[in-house]
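# Report on the structure
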Amino acid sequence: QVQLVESGGGLVQAGGSLRLSCAASGSIFFINDMGWYRQAPGAPRELVASITGADNTNYADSVKGRFTISRDNAKNTVVLQMDSLRPEDTAVYYCNARTTVVDASGIDDFWGQGTQVTVSS
């Protein structure tokens, strides 16, 4: 089992910055890929950025050049640095982690509780 806790969300004006952090605990040894997703009311959850166990990164087109994803060497924390924020970035942001093996319940995909990001005009 992997537990994920997000922090760093809040209210910011357009053009500002926020730094989201996700701390993983539990069976962190088996974490492979991590990422950030977001979901606005009435909208599907979408990938914002991801980083693989090999440190390859991927970004949604809407955030390229503005957001940066990184992780520490222990693979137990992933950070999303968000710059030049826009009102359309407003959403609940969720941390995701995938493991190389399933846990005792047969799960290999884990989610945090989400953190609210609100960008005002």
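Residues numbered from 1 in each chain as written. Predicted model: local features only at pLDDT ≥ 70, side-chain atom pairs only at ≥ 80, totals over all residues. Heavy atoms only, no water.

## Some thoughts on the state of the cysteines
Evaluation of the coordinates by the stated rule reveals 1 disulfide. At a sulfur-sulfur separation of 2.0 Å, the disulfide partner of Cys 22 is Cys 95. On the S-S bond that ties Cys 22 to Cys 95, the torsion sits near -85°, and the link is left-handed. With Cys 22 in strand S3 (residues 18-26) and Cys 95 in strand S9 (residues 91-99), this pair connects stretches of sequence that are 73 residues apart. Of the two residues, Cys 22 and Cys 95, both sit in the buried class. (Disulfide = S-S within 2.5 Å. Helix = DSSP H or I, 4+ residues; strand = E, 2+ residues; numbered from the N terminus. Buried < 20%, exposed > 50% of the residue type's maximum accessible area, 1.4 Å probe, protein only.)

## Considerations on the packing of aromatic side chains
Taken as a whole, this structure holds 2 aromatic pairs when the rule is applied. Their ring planes at 90° and their centres at 5.3 Å tell us that Phe 29 and Phe 30 sit as a pair that is edge-to-face. Classification of Phe 30 by relative accessible area gives partly exposed; the value is 36%. A centroid spacing of 4.9 Å and a plane angle of 65° characterise the contact between Tyr 37 and Trp 111, whose relative ring orientation is edge-to-face. Taken together, the residues span a long stretch of sequence, with Tyr 37 in strand S4 (residues 31-39) and Trp 111 in strand S10 (residues 109-111) at a distance of 74 residues. (Phe/Tyr/Trp six-rings, centres within 6.5 Å; stacked < 30°, edge-to-face > 60°.)

## Observations regarding the nonpolar core
Judged by nonpolar contacts, the single largest core of 29 residues is most densely connected at Leu 4, Met 34, Trp 36, Leu 80, Met 82 and Tyr 93. The set of elements that each furnish at least two residues to this core consists of strand S1 (2-7), S3, S4, strand S5 (46-51), strand S7 (67-71), strand S8 (77-82), S9 and strand S11 (115-120). (Core = buried A, V, L, I, M, F, W, Y, C linked by side-chain atoms within 4.5 Å.)

## Some details on the pattern of salt bridges
Scanning all chains against the criterion turns up 5 salt bridges. A salt bridge links Glu 46 to Arg 38; the shortest N-O distance between them is 2.9 Å. Looking at Glu 46, the relative accessible area reads 37%, which means it is partly exposed. The partner of Lys 64 in a salt bridge is Asp 61, and the shortest N-O contact between them spans 3.0 Å. The network of salt bridges with shared partners includes Arg 38, Glu 46, Arg 66 and Asp 89. (Salt bridge = Lys/Arg side-chain N within 4 Å of Asp/Glu carboxyl O.)

## Remarks on the sheet that holds S1
The strand order across the open sheet formed by 4 strands is S1-S3-S8-S7, and the pairing between neighbours is antiparallel. Lying at the two open borders of the sheet, with one neighbouring strand each, are S1 and S7. Averaged over neighbouring strand pairs, the angle between their axes works out to 15° when direction is ignored. Sheet topology places S3 next to S8; 6 bridges connect them, and they run antiparallel. Paired with Leu 18 across the strands is Met 82, a residue of S8. (Pairing = 2+ DSSP bridges. Axes fitted to C-alpha atoms, helices over the stretch in contact; angles between N-to-C directions.)

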